[in-house]
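Chain residues, written in single-letter form:
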Amino acid sequence: QKEVEQNSGPLSVPEGAIASLNCTYSDRGSQSFFWYRQYSGKSPELIMFIYSNGDKEDGRFTAQLNKASQYVSLLIRDSQPSDSATYLCAVNTLMDSSYKLIFGSGTRLLVRP
Amino acid sequence: DVKVTQSSRYLVKRTGEKVFLECVQDMDHENMFWYRQDPGLGLRLIYFSYDVKMKEKGDIPEGYSVSREKKERFSLILESASTNQTSMYLCASSHGADTQYFGPGTRLTVL
């Protein structure tokens, strides 16, 4: 069973702090990795994707990938109360000769004003 | 912008009814997916399709069927709704192994 693991949280940080969200995955052959944000009662929306080892930055968000250690993380700088949501890590994995996105169960982030 | 729409945001049905959930995407994506999302269980794949008239079972296909007669439309069918199918249903589409884009979701309640 190929898995994606996330700490369910909640992760509570003060406004303006850096929030660090982590995800580990079991399939060493995975090639692409995604972070989605999901507000309560809404559908997931893509924040970032990353394919290569290292860091990828987009505004206040940085995705970090370490394929050797099989983890991917999301850093949110200058956290805002509007960042309070559940963050889903997703890993594209080859299963039964087709690619599927395997989702973690999500980490709930709370940003305190 | 990719747009994925779902036929209803909220739906209430009775046990035993046949339920149709429709999903339409406007980006010519070949791949379409149906998930359900329940508290504590995350997103679970029900069915997916990589081409017109093609379908593949996901992780939890029991009690569901799908139809893909046109590339832009993917329907999820509950042949005889049961209370344990009360859930949030999410449709998604993608091009190849690329990003999946989600519709707004349908919150289905089966009484």
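Check the entry above for the structure.
The structure presented is a predicted model; accordingly, all values stated were derived computationally and were not measured.

Some remarks on the pairing of strand 10 (residues 98-103) of chain A
Residues and elements named next belong to chain A.
Working step 1: Strand 10 sits mainly inside the fold: five of its six residues count as buried.
Working step 2: The sheet contact formed by strand 9 (residues 85-95) and strand 10 spans six bridges and is antiparallel. In the sheet register, Ala90 faces strand 10, and the bridge partner there is Phe103.
Working step 3: Hairpin remark: strand 9 followed by strand 10, antiparallel, with two residues in the connecting loop; positive phi at Asp96, about 55°.

A closer look at the sheet that holds strand 6 (residues 54-58) of chain A
Across a sheet, strands are paired by hydrogen bonds formed along the backbone, either parallel or antiparallel in direction.
Residues and elements named next belong to chain A.
Working step 1: Strand order in the open sheet formed by five strands is 1-3-8-7-6, and the pairing between neighbours is antiparallel. Two strands close off the open sheet at either side, each with one partner strand: strand 1 (4-6) and strand 6. With strand direction ignored, the average angle separating the axes of adjacent strands in the sheet is 20°.
Working step 2: Where strand 6 meets strand 7 (residues 61-66), five bridges bridge the pair, whose relative direction is antiparallel. What sits directly across from Asp58, in strand 7, is Phe61.

A word on the interface of chain B and chain A
Working step 1: On the side of chain A, 18 residues touch chain B, which itself brings 18 residues to the contact.
Working step 2: With both chains or domains summed, chain B and chain A bury close to 1400 Å², and 55% of this area falls on carbon and sulfur atoms.
Working step 3: Counting across the interface, chain B meets chain A through zero salt bridges.
Working step 4: Remark: the boundary between chain B and chain A carries three residue pairs in polar contact (both at pLDDT 80 or more).

Quick look at the pattern of salt bridges
Working step 1: Applying the stated criterion across every chain yields a total of nine salt bridges over all chains.
Working step 2: Measuring nitrogen to oxygen at the nearest pair gives 3.5 Å for the salt bridge that ties Arg77 of chain A to Glu57 of chain A. Here Arg77 of chain A is found in the loop between strand 8 (71-76) and strand 9, whereas its partner Glu57 of chain A is found in strand 6, with 20 residues between them in sequence.
Working step 3: Given a relative accessible area of 59%, Glu57 of chain A falls into the exposed group.
Working step 4: Residue Glu69 of chain B is joined to Lys53 of chain B by a salt bridge in which the shortest nitrogen-to-oxygen separation is 2.4 Å.

Observations regarding the side chain of Gln37 of chain B
Working step 1: Within the secondary structure, Gln37 of chain B sits in strand 4 (residues 31-38).
Working step 2: Owing to a relative accessible area of 17%, Gln37 of chain B belongs among the buried residues under this scheme.
Working step 3: In this structure Gln37 of chain B touches Gln38 and Leu88 of chain A together with Gly42, Leu43, Ser87, Met88 and Leu90 of chain B, once residues within four positions along its chain are discounted.

Concerning the sheet that holds strand 7 (residues 64-70) of chain B
Residues and elements named next belong to chain B.
Working step 1: Within the open sheet, the four strands sit side by side as 1-3-8-7. Their pairing is antiparallel. In this open sheet, the two strands that pair with only one neighbour each are strand 1 (4-6) and strand 7. The sheet shows a mean angle of 20° between the axes of neighbouring strands, direction not considered.
Working step 2: Where strand 7 meets strand 8 (residues 73-78), five bridges bridge the pair, whose relative direction is antiparallel. The residue bridging Val66 from the neighbouring strand is Leu76, located in strand 8.

Cut-off values and rules
Residues numbered from 1 in each chain as written. Chains lettered and ligands numbered in written order. Predicted model: local features only at pLDDT ≥ 70, side-chain atom pairs only at ≥ 80, totals over all residues. Heavy atoms only, no water. Buried < 20%, exposed > 50% of the residue type's maximum accessible area, 1.4 Å probe, protein only. Helix = DSSP H or I, 4+ residues; strand = E, 2+ residues; numbered from the N terminus. Pairing = 2+ DSSP bridges. Axes fitted to C-alpha atoms, helices over the stretch in contact; angles between N-to-C directions. Contact = heavy atoms within 4.5 Å. Buried area = accessible area lost by both parts, 1.4 Å probe. Salt bridge = Lys/Arg side-chain N within 4 Å of Asp/Glu carboxyl O. Polar contact = N/O pair within 3.5 Å; in protein donor to acceptor, adjacent residues only side chain to side chain.

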